[in-house]
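Residue-level structure breakdown
So the chains spell out like this:
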Amino acid sequence: MAFDLVIRNGLLVDGTGSAARRADVAVADGRIAAIGSLSGQATRESLDAEGHVVAPGFIDGHTHMDAQIYWDALGTCSSYHGITTVVMGNCGFTLAPSRPDARELVVRNLERAEDISPAAMAKGIHWGFETFPEYFDVVDRLPKGINYSGYVGHSALRTYVMGERAFTDPATPADLEAMERELRAGMRAGAMGFTTSRSINHQTSDDRPVASRLARWDEVCALVKVAGESGGIFELTNEEKSQGTLEEQAEYFGRIEKLAVESGATFMFGVGSWRKNPEGWRSMTGAVERVNAAGGRFFAQVHSRRFDVILSFTGQLPFDRLPLWSQLRAKSLAEQKQALRDPAFVAKLVHEAHHGPYGNAIGAEARKPDFDWVFLMEDPMGPHRCLGELARAQGKDPVALMIEIALASDFSQIFLQAIANEDSDNVLALMRHPNALTTFSDAGAHVSQISDCSIATHLLGHWVRREQKVGLEEAVHWLTGRPAAAFGFENRGRVREGFAADLVVFDPKTVGPEIPRMEYDLPGGARRLVQKARGIAATVVAGEILLRDGVHTGALPGRLLRRGATAS
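Just so it is clear, the structure is predicted and the values come from calculations on it, not from any experiment. (Residues numbered from 1 in each chain as written. Predicted model: local features only at pLDDT ≥ 70, side-chain atom pairs only at ≥ 80, totals over all residues. Heavy atoms only, no water.)

This brings us to the pairing of strand 15 (residues 374-377). Because side chains alternate across strand 15, one face comprises the buried residues Val-374 and Leu-376, and the other comprises Phe-375 and Met-377, equally buried. Bridge count between strand 15 and strand 17 (residues 414-420): four bridges; the pairing is antiparallel. Pairing of Val-374 across the sheet is with Gln-417, part of strand 17. Summarising the sheet, strand 15 and strand 16 (residues 385-386) pair through two bridges and their orientation is antiparallel. Within the sheet, the bridge partner assigned to Phe-375 lies in strand 16 and is Cys-386. (Buried < 20%, exposed > 50% of the residue type's maximum accessible area, 1.4 Å probe, protein only. Helix = DSSP H or I, 4+ residues; strand = E, 2+ residues; numbered from the N terminus. Pairing = 2+ DSSP bridges.)

As a further point, take the packing of aromatic side chains. This model, assessed by the stated rule, comprises 17 aromatic pairs. On the basis of an interplanar angle of 45 degrees and a centroid distance of 4.6 Å, the ring pair of Phe-132 and Phe-136 is categorised as tilted. Of the two residues, Phe-132 and Phe-136 are both situated in helix 3 (residues 132-141); the distance of four residues between them amounts to about one turn of the helix. The class of Phe-132 is buried, set by a relative accessible area of 1%. When the centroid spacing of 4.8 Å and the interplanar angle of 65 degrees are considered together, the rings of Phe-269 and Phe-298 count as edge-to-face. Of this pair, Phe-269 sits in strand 12 (residues 266-270) while Phe-298 sits in strand 13 (residues 297-302), and the two are 29 residues apart along the sequence. As far as the burial class goes, Phe-269 and Phe-298 line up, both buried. Here a set of aromatic residues connected by ring pairs shows up, and it is made of Phe-194, Phe-234, Tyr-252, Phe-253, Phe-267, Phe-269 and Phe-298. Across from the ring centre of Phe-167, 4.5 Å away, lies the NZ or CZ of Arg-108, which sits over that ring. Of note, Arg-255 hangs over the ring of Trp-217, and the distance from its end group to the ring centre comes to 4.8 Å. (Phe/Tyr/Trp six-rings, centres within 6.5 Å; stacked < 30°, edge-to-face > 60°. Lys NZ or Arg CZ within 6 Å of the ring centre and 35° of its normal.)

A cis amide bond, omega 10 degrees, links Thr-76 with the succeeding residue Cys-77. As for its position among the elements, Cys-77 is in the loop between strand 6 (58-60) and strand 7 (83-88). Of note, the amide linkage connecting Ala-96 to Pro-97 takes the cis form, showing an omega dihedral of 0 degrees. Mapped onto the secondary structure, Pro-97 falls in the loop between strand 7 and helix 1 (103-111). The backbone of Cys-91 shows a phi angle near 65 degrees, a positive value even though the residue is not glycine. Tracing the backbone shows Cys-91 in the loop between strand 7 and helix 1.

Structure below.
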């Protein structure tokens with residue numbers, strides 16, 4: 001029998017958690033046609049996977065690629081790390097629905113909370129839609145390297161219906177009726193569900209709450225129930241009460257649990273660990289467990305490592321909003337290097353860094369540092385040397401040492417500022433939770449602040465190979481079969497005959513993330529962090545090789561996955 005593609009001699013890890021086995025995998029018409037010891041020939045291409053793992057393409061269920069899809073057909077940097085399917089539109093942030101005469105309201109929600117350049121959006125988005133169904137039709141037509149699905153976002157829904165009032169007022173009954181009508185239209189068009197944010201970390205550039213945060217709880221409940229009518233998903237970014245007093249937690253999680261059981265929607269929220277309350281995540285997973293025990297469906301979205309903000313002189317620093325530092329940072333990099341060679345000027349910078357007026361940091365913005373939680377990134381998977389410890393050992397001020405190291409590296413040195421998941425034992429415990437999805441990259445957002453597209457390669461390189469605390473089959477299941485089942489991607493997430501031929505071929509001895517670099521490749525020259533991977537020989541989408549050793553082949557086989565038709 002002739003096949004389009006045959007991958008031979010690989011170690012098949014099929015996404016179910018079953019033991020790995022030697023097997024060939026053949027593809028025809030975009031689907032897996034045969035598995036085993038195969039004699040058939042490939043009419044288009046063959047891959048020798050000797051020494052490599054053949055696995056289902058990885059699935060990332062928490063991204064913000066709604067704008068990026070317009071200017072980046074490959075879905076980078078996610079595709080570099082073996083991701084073949086993403087879910088966008090999380091946290092209430094989507095481009096649609098939006099009115100042609102009020103596009104700035106959508107941009108207002110996105111630009112600071114999600115660190116998506118308004119200049120890049122202005123230059124890169126061609127719009128061509130108003131309603132969510134029209135947006136999905138546009139996405140359907142765009143060239144795509146990987147597969148996309150998406151939600152209807154609350155902030156966009158609110159501004160579409162209410163205009164400027166979305167940032168100041170509760171919804172009227174007429175407003176809510178209009179939002180319900182638009183959400184139902186989005187659900188009929190194949191949206192995965194509905195998302196919102198209640199987090200104080202989501203603000204606009206003029207320091208106001210994003211639109212979804214103005215919603216009363218009864219508004220959220222009404223919209224979640226619309227998503228639940230057709231078995232959709234509700235994803236939310238939590239209120240501060242989720243980490244508050246015991247009374248606040250009981251009130252908040254009581255509301256969440258009641259809605260989860262009554263609405264019929266599948267619930268998801270992000271869960272992490274914080275050094276101020278390392279075990280606080282247990283109250284969140286407790287709510288997840290209670291809902292599932294009561295007959296609901298609830299998942300915790302978790303990370304595979306510590307959550308770090310990336311610092312560098314080519315990107316952001318914690319000191320950027322301080323008066324003297326802001327004057328320095330407005331200069332070219334060459335001018336900054338020259339200024340930092342003046343000891344008297346550096347002394348002033350050091351003093352201001354310790355005593356200056358820091359404002360509030362939002363989302364993944366750098367914040368006033370505790371130098372015992374600032375690290376040098378020298379190996380992308382660590383361990384990372386602590387700046388505070390180095391400064392004490394050398395008898396130097398940590399800010400001065402940071403400047404010294406940056407100059408010595410010609411500004412290429414990256415520093416990491418830890419803000420969550422500092423306890424690695426808690427990270428592992430969260431990934432092991434039976435209702436957890438290791439799928440929280442925020443890819444497409446915070447593009448100059450973090451680089452978490454590497455969740456999958458970090459899991460495989462750090463936890464599987466280096467630490468040997470997670471089995472290979474288990475890790476692949478967390479990245480494929482488990483999220484596919486949670487999101488309803490019925491014919492993805494496993495290597496099985498008849499399933500979509502989304503595959504990744506990687507070397508288990510070398511797979512891992514590379515160090516991120518700042519590049520200026522967004523529309524209009526806006527900056528973003530680009531992080532590639534090593535050890536991935538091929539990424540296959542719909543039976544076509546998209547990337548070979550990280551290099552695009554020219555193929556663009558990705559597609560839009562609509563809820564209710566995601567198996568096709």
